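These are the residues of each chain, in order.
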Amino acid sequence: MTAFVVALVVGALFALGTFLLLRRDLIRVVWGLAIISQAANVYLLAMGGIAEGTADTVPVLAGHGEHVPETADPLVQALVLTAIVIGFGMTAFALVLSYRVYEEHDTLDVSDLGDRD
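What counts and how
- Residues numbered from 1 in each chain as written.
- Predicted model: local features only at pLDDT ≥ 70, side-chain atom pairs only at ≥ 80, totals over all residues.
- Heavy atoms only, no water.
- Salt bridge = Lys/Arg side-chain N within 4 Å of Asp/Glu carboxyl O.
- Helix = DSSP H or I, 4+ residues; strand = E, 2+ residues; numbered from the N terminus.
- Expected span 1.5 Å × (residues − 1).
- Buried < 20%, exposed > 50% of the residue type's maximum accessible area, 1.4 Å probe, protein only.
- Contact = heavy atoms within 4.5 Å.
- Polar contact = N/O pair within 3.5 Å; in protein donor to acceptor, adjacent residues only side chain to side chain.
- Arc of directions from axis to C-beta.
- Phe/Tyr/Trp six-rings, centres within 6.5 Å; stacked < 30°, edge-to-face > 60°.
- Lys NZ or Arg CZ within 6 Å of the ring centre and 35° of its normal.
- Axes fitted to C-alpha atoms, helices over the stretch in contact; angles between N-to-C directions.
- Parallel < 35°, antiparallel > 145°, perpendicular 65-115°, else oblique.
- Left-handed = near helix turned anticlockwise from the far one by under 90°.
- Nonpolar A, V, L, I, M, F, W, Y, C, P; charged D, E, K, R; others polar.

K.L.:
Would you explain the pattern of salt bridges in this entry?
P.N.:
Two side chains of opposite charge can pair, provided their charged atoms sit close to one another. For the structure shown, the criterion picks out three salt bridges. With its nearest N and O atoms 2.6 Å apart, the salt bridge here joins Asp109 to Arg24. One end of the pair, Asp109, is in the loop between α3 (74-105) and α4 (110-114); the other, Arg24, is in the loop between α1 (2-21) and α2 (26-48), with 85 residues separating them in the sequence. Sharing partners across several salt bridges, the network here consists of Arg100, Glu103 and Glu104.

Quick look at the structure:
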């Protein structure tokens, strides 16, 4: 049941991001890219999974007897955390560039910006 909910959320995020990418407003395009990157992060975390830990995979838990708690892959979590920070910085940069485009051209309509010489 949980996997179905995660798949539904990831699909909805990708759909919303794609919908926003196809809009004419530059700000919505930037937000669409941000949402798609976050959807990819959620997908990566979901695929990282949670597995039964053993003394071989988690050496710290070697002295805790027979039952070792379930653990998640820390490499995936570290990579996604890095991607979140980089994505936030790129979104902020894209929004600043969008503001600069608005100051120069007095519009954020992508089709109007493409028609200029």
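K.L.:
Honestly, α3 in this entry has me stumped. Any pointers?
P.N.:
Count 3.6 residues to each turn of an α-helix, and residues three or four apart come out pointing the same way. Between its first and last C-alpha, α3 extends 46 Å over 32 residues, near the 46 Å set by a 1.5 Å rise per residue. Along α3, the residues classified as buried are Val76, Val80, Gly87, Thr91 and Ser98. Buried residues in α3 make contact with α2. Once α3 finishes, Asp106 follows within two positions and takes phi at roughly 55°, a positive value.

K.L.:
What is the right way to look at the side chain of Asp109 in this model?
P.N.:
What makes Asp109 buried here is its relative accessible area of 15%. Of the polar contacts made by the side chain of Asp109, one reaches the side chain of Arg24; its length is 2.6 Å.

K.L.:
Hey, could you run me through α1 in this one?
P.N.:
Taking 1.5 Å of rise per residue, the 20 residues of α1 would be expected to cover 28 Å, and the 29 Å separating its terminal C-alpha atoms lies within 8% of that figure. The complete set of buried residues in α1 reads Val10, Gly17 and Leu20. Taken around the axis of α1, the buried residues stretch over an arc of 100°, which confines them to a single face. Looking at α1, the residues exposed on the side facing more than 90 degrees away from the buried face are Phe4 and Leu8. Buried residues along α1 sit in contact with α2.

K.L.:
Before we go on, may I ask you to explain unusual backbone geometry in this structure?
P.N.:
Excluding glycine, residues mostly carry a negative phi; peptide bonds, for their part, are mostly trans. Positive phi, close to 55°, is recorded for Asp106, a residue that is not glycine. You can see Asp106 is positioned in the loop between α3 and α4. Judged by relative accessible area, Asp106 falls into the exposed class, the value being 61%.

K.L.:
Would you mind going over the packing of aromatic side chains with me for this structure?
P.N.:
Each aromatic ring pair is summarised here by two numbers: the centre-to-centre distance and the angle between the ring planes. Applying the stated criterion across every chain, the model contains zero aromatic pairs. Sitting over the ring of Phe19, Arg23 keeps its end group 4.3 Å from the ring centre.

K.L.:
Is there a simple way to think about the packing of α1 against α2 in this case?
P.N.:
Packed helix pairs are specified by the crossing angle of their axes together with the interaxial distance, meaning the distance between the axes. α2 packs onto α1 with a crossing angle of 160° between their chain directions and a minimal axis gap of 7 Å. One way to sum up the angle between α1 and α2 is to call them roughly antiparallel. Crossing of α1 against α2: the hand is left-handed. Each of Val6, Val10, Leu13, Phe14, Leu16, Gly17, Thr18, Leu20 and Leu21 in α1 lies in contact with α2, whose residues at this interface are Arg28, Val29, Trp31, Gly32, Leu33, Ile35, Ile36, Ala39, Ala40, Val42, Tyr43 and Ala46. Each residue belonging to the contact of α1 with α2 can be placed in one class, and the counts come to 17 nonpolar, three polar and one charged.

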